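# Architecture and fold: a report
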Amino acid sequence: MSVDTQTVKKVARLARIKVSDADAERMTGELNAILGFVEQLDEVNIDGVEPLTSVVEQTMKKRQDGVTDGGYANDIIANAPASEDNFFMVPKVVE
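Worth saying up front: this structure is predicted, and the values here are computed from it rather than measured.

## Considerations on the nonpolar core
Considering soluble globular proteins, one finds that nonpolar side chains tend to be buried as a cluster. Within the largest apolar cluster, five residues are counted, these being Val3, Val8, Ala12, Val19 and Ala24. Other than its neighbours up to four places away in sequence, Val8 contacts Val3, Ala24, Met27, Thr28 and Leu31.

## So, the confidence of the model for the protein chain
In the predicted model, the protein chain carries a mean pLDDT of 89, and the fraction of residues at 70 or more is 99%. Mean pLDDT across the elements of the protein chain ranges from a minimum in helix α3 (residues 73–76), with 88, to a maximum in helix α1 (residues 5–14), with 93.

## Some words on the pattern of salt bridges
For the structure shown, the criterion picks out four salt bridges. Of the charged contacts in the structure, one is a salt bridge between Glu30 and Arg26, with a shortest N-O distance of 3.0 Å. Of this pair, Glu30 and Arg26 both sit in helix α2 (residues 21–42), four residues apart, roughly one helical turn. Residue Arg26 is classed as partly exposed on the basis of its relative accessible area of 43%.

## Here we look at the environment of Asp42
When you line up the elements, Asp42 lands in helix α2. As for Asp42 and Ser83, which are separated by 41 residues in sequence, their C-alpha atoms are 63 Å apart.

## A word on the packing of α1 against α2
Between α1 and α2, the shortest axis-to-axis distance is 9 Å and the interhelical angle comes to 105 degrees. As summarised for this structure, α1 and α2 are arranged roughly perpendicular, according to the angle between their axes. For the pair α1 and α2, the contacting residues are Thr5, Val8 and Lys9 in the first and Asp21, Ala24, Glu25, Met27, Thr28 and Leu31 in the second. Tallied by class, the residues present in the contact of α1 with α2 amount to four nonpolar, two polar and three charged.

## Here we look at a nonpolar patch on the surface
Together, Leu31, Ile34, Phe37, Val38, Leu41, Val44, Ile46 and Val49 make up a nonpolar patch on the protein surface, roughly 740 Å² of accessible area in all. Along the chain, Leu41 turns up in helix α2. When its relative accessible area of 47% is taken as the criterion, Leu41 is described as partly exposed.

Basis of the calculations
Residues numbered from 1 in each chain as written. Predicted model: local features only at pLDDT ≥ 70, side-chain atom pairs only at ≥ 80, totals over all residues. Heavy atoms only, no water. Core = buried A, V, L, I, M, F, W, Y, C linked by side-chain atoms within 4.5 Å. Buried < 20%, exposed > 50% of the residue type's maximum accessible area, 1.4 Å probe, protein only. Contact = heavy atoms within 4.5 Å. pLDDT = per-residue confidence, 0-100. Helix = DSSP H or I, 4+ residues; strand = E, 2+ residues; numbered from the N terminus. Salt bridge = Lys/Arg side-chain N within 4 Å of Asp/Glu carboxyl O. Axes fitted to C-alpha atoms, helices over the stretch in contact; angles between N-to-C directions. Parallel < 35°, antiparallel > 145°, perpendicular 65-115°, else oblique. Nonpolar A, V, L, I, M, F, W, Y, C, P; charged D, E, K, R; others polar. Patch = residues over 30% accessible without salt bridge, like charges linked within 9 Å, V, L, I, M, F, W, Y side chains within 5 Å. Areas by Shrake-Rupley, 256 points an atom, 1.4 Å probe, with all protein chains shown as cover.

As structure tokens, then:
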């Protein structure tokens with residue numbers, strides 16, 4: 001796949017990036033080099049290779065799941081100017 005200046009300008013417009021004509025020319029070469037490298041990666045034989053998520057074998061740390069009410073209602077409303085039954089009270093703003 002080859003990238004031309006029109007494609008660079010279109011991608012820049014989609015990304016909301018302002019690109020001058022000189023920068024578009026330079027980026028064309030850079031993007032073609034990147035795509036050439038990606039095409040080289042497509043040639044690598046990966047049959048039988050498992051997907052890698054980490055270079056170090058790890059097991060996920062898990063915690064015991066427990067349902068609680070939090071128990072922080074009094075701490076949360078402690079600095080409220082007005083509260084009632086663990087709810088914030090605010091002045092009416094809509095008539």
